[in-house]
Amino acid sequence: MAEKQYRIGEFAKLVGLSTYTLRYYEDQGLIRSQRDDNGVRYYTTKDIRWVGFILHLKGTGMRLNDLKRYVRLRAAGDSTIAERRAMLQQVKDDAEADIAELQMHLRVLGHKIDWYDGKVNQSIADTESFHDYLQKFQD
């Protein structure tokens, strides 16, 4: 049984990207379409999964050059598993650091909102600055 083939427009809808973006990804070597007997570009179910993984990597903040390197290593086969794993670990570590920093910023924003609420409902003295209020939450 032959694998389902998707023309670029249908494939773009399936993966949530524009045809322009798909062509760009091809030009950058991130994905590879196939061609039918008439030279028409098509993709398969495997390509859907691959683009999905690329989008996960992009979502972590992985840079284009690193994506290209990962794709080259993947194409080289199992001998590059250790290097690919190390790359993914670094991306994961960087993303976790970014999340931790964002969580810290969100905590400060939450405290600022609470401080404003306290000023409005007069549960915080007029003389208490945000800096002083924030000191209550420092470890």
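You'll find the structure just up there.
Notes on the structure follow. (Residues numbered from 1 in each chain as written. Predicted model: local features only at pLDDT ≥ 70, side-chain atom pairs only at ≥ 80, totals over all residues. Heavy atoms only, no water.)

Describing the overall build of the chain
Note the threshold: Each helix is a run of H or I in the DSSP string that is no shorter than four residues. Each strand is a run of E no shorter than two, and both are numbered from the N terminus. For a compact globule the rule gives 2.2 Å times the number of residues to the power 0.38, and the radius of gyration it is set against comes from C-alpha atoms. Relative accessible area decides the class of each residue, using a 1.4 Å probe on protein chains only: under 20% of the type maximum gives buried, over 50% gives exposed, and in between gives partly exposed. By definition, residues are in contact when any of their heavy atoms lie within 4.5 Å. Using a 1.4 Å probe, the Shrake-Rupley method yields the accessible areas, and only the shown protein chains count as cover for residues. Charge counting follows a simple rule: Lys and Arg are positive, Asp and Glu are negative, and His as well as the terminal groups are ignored. Working definition for charges: the position is that of NZ of Lys, CZ of Arg, CG of Asp or CD of Glu.
The secondary structure content of the chain amounts to six helices and three strands. From first element to last, N terminus to C terminus, the chain shows the α and β order β-α-α-β-β-α-α-α-α. In summary, the chain has a C-alpha radius of gyration of 24 Å against a globular reference of 14 Å for 139 residues, an excess of more than 25%. Over its C-alpha atoms, taken along the principal directions, the chain stretches across nearly 80 × 35 × 25 Å. When burial is assessed residue by residue, the chain has 30% of its 139 residues classed as buried. For the chain, long-range pairs separated by at least 24 residues make up 39% of all intrachain contacts whose partners lie at least 6 apart in sequence. When the accessible area of the chain is evaluated, it comes to approximately 9,900 Å², of which 52% is carbon and sulfur surface. Within the chain, one finds 22 positive and 21 negative side-chain charges whose respective centroids are separated by 8 Å.

With respect to the side chain of Lys68
Spelled out, the test is: Each reported salt bridge corresponds to a side-chain nitrogen of Lys or Arg within 4 Å of a carboxyl oxygen of Asp or Glu.
Of note, Lys68 is situated in helix α4 (residues 64-76). Put simply, Lys68 is tucked away with no salt bridge, and the nearest opposite charge, on Asp27, sits 10 Å away. Contact partners of Lys68, with chain neighbours within four places excluded, come to Gln28 and Leu30.

Here's the deal with the pattern of salt bridges
In total, this model carries five salt bridges according to the counting rule given. Where Glu26 meets Arg41, a salt bridge forms, and the shortest distance between an N and an O atom there is 3.0 Å. Of the two residues, Glu26 is situated in helix α2 (residues 19-27) and Arg41 in strand β3 (residues 41-43); the sequence distance between them amounts to 15 residues. Residues Glu26 and Arg41 agree in their burial class; the two are buried. Glu128 is the partner of Lys136 in a salt bridge, and the nearest nitrogen-oxygen pair spans 3.1 Å. The exposed category is assigned to Lys136, whose relative accessible area is 55%. Judged by its relative accessible area of 16%, Glu128 is buried.

A closer look at the sheet that holds strand β2 (residues 34-35)
Note the threshold: Strands are treated as partners if at least two bridges between them are detected by DSSP.
Overall, antiparallel pairing links the three strands, which are arranged β1-β3-β2 in an open sheet. Among the strands making up the open sheet, the edge pair consists of β1 (6-7) and β2. Of the strand pairs in this sheet, β2 and β3 are connected by two bridges, and their pairing is antiparallel. In the strand pairing of β3, Arg35 is matched with Arg41.

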